Amino acid sequence: QQQVKQSPQSLIVQKGGIPIINCAYENTAFDYFPWYQQFPGKGPALLIAIRPDVSEKKEGRFTISFNKSAKQFSLHIMDSQPGDSATYFCAAQILGRLYFGRGTQLTVWP
Amino acid sequence: DTGVSQDPRHKITKRGQNVTFRCDPISEHNRLYWYRQTLGQGPEFLTYFQNEAQLEKSRLLSDRFSAERPKGSFSTLEIQRTEQGDSAMYLCASSLEGSHNEQFFGPGTRLTVL
């Protein structure tokens, strides 16, 4: 059973667009929600993270929106660039263990 | 480089052989995690250590898998009698307990079982 459901599976935007990736979870015991960026052949890199008592967090061009009642969270990438083309994973943590979504392959066209 | 390092980066082996991977965490991190990632999927948790104690193991970690962290620093993951289904990227991550448990990943070891 997938603990964290992520959509869409793939996303194509033009440079400057605002891709949005969505995730949903069921277990209300999750206490930390990070997003990771992964390039081919590399390990995931921590991008931004949020705790469930916060509704929004912004770091540079990346914003997480968190809706605790709906058990959903999303990643917005402002002013997307071709260098943002990568696979993005949402995750949820409980007792130190991360549960990942299946990933979204983002392509940003110049 | 002060990040998480893993060795080897790539390993090709024949079915039935044993393989061992090594992970060196960020030096001050006391927690160390192993994950497995197959193509087109997110990483799946295998096991984690706090210092030298192995605190949790996933049901994915069959009897053929064993992990150690003997001195609370580096860790090894051994797979005995490899099967083709073991082909995956094996990722190691580390974190500092109490720092929101932010996990930082290494580059991974790509295992191919022929």
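Student: Mind showing me how you'd approach unusual backbone geometry here?
Tutor: Glycine aside, residues mostly have negative phi, and peptide bonds are mostly found in the trans state. Here the residue pair serine 7 of chain A and proline 8 of chain A is connected by a cis peptide bond, since its omega of -5 degrees sits within 30 degrees of zero. As for its placement among the helices and strands, proline 8 of chain A is situated in the loop between β1 (4-7) and β2 (10-14). Cis geometry marks the peptide bond from aspartate 7 of chain B to proline 8 of chain B, where omega comes out at -5 degrees. Take proline 8 of chain B: it is sitting in the loop between β1 (5-7) and β2 (10-13). The backbone phi angle of lysine 71 of chain A is positive, close to 55 degrees, even though this residue is not glycine. Within the secondary structure, lysine 71 of chain A sits in the loop between β7 (62-67) and β8 (72-77). A relative accessible area of 22% means that lysine 71 of chain A is categorised as partly exposed.

Student: For this particular structure, what's the right way to read the pattern of salt bridges?
Tutor: Side-chain pairs of opposite charge can arise whenever the charged atoms involved come near each other. Under the definition given, this model contains eight salt bridges over all chains. As a salt-bridge pair, glutamate 56 of chain B and arginine 97 of chain A come within 2.6 Å of each other at their nearest N and O atoms. Placement of glutamate 56 of chain B in strand β6 (residues 53-57) and of arginine 97 of chain A in strand β10 (residues 97-100) is noted, with the two residues assigned to different chains.

Student: What is the right way to look at the interface of chain B and chain A in this model?
Tutor: A common way to state how big an interface is: give the accessible area lost once the parts meet. Across the boundary between the two partners, chain B contributes 23 residues, which contact 18 residues of chain A. Here chain B and chain A share an interface that buries about 1,600 Å² over both sides, 48% of which is from carbon and sulfur atoms. Our count for the chain B to chain A interface comes out at one salt bridge. Listed by contribution, the elements that provide at least two residues to the side of chain B that touches chain A are β4 (31-37), β5 (44-50), β9 (88-95) and β10 (104-105) of chain B. Broken down by element, the side of chain B that touches chain A gets its largest block of residues, four residues, from β4 of chain B. Looking at the side of chain B that touches chain A residue by residue, the classes come out as ten nonpolar, nine polar and four charged.

Conventions adopted
Residues numbered from 1 in each chain as written. Chains lettered and ligands numbered in written order. Predicted model: local features only at pLDDT ≥ 70, side-chain atom pairs only at ≥ 80, totals over all residues. Heavy atoms only, no water. Helix = DSSP H or I, 4+ residues; strand = E, 2+ residues; numbered from the N terminus. Buried < 20%, exposed > 50% of the residue type's maximum accessible area, 1.4 Å probe, protein only. Salt bridge = Lys/Arg side-chain N within 4 Å of Asp/Glu carboxyl O. Contact = heavy atoms within 4.5 Å. Buried area = accessible area lost by both parts, 1.4 Å probe. Nonpolar A, V, L, I, M, F, W, Y, C, P; charged D, E, K, R; others polar.

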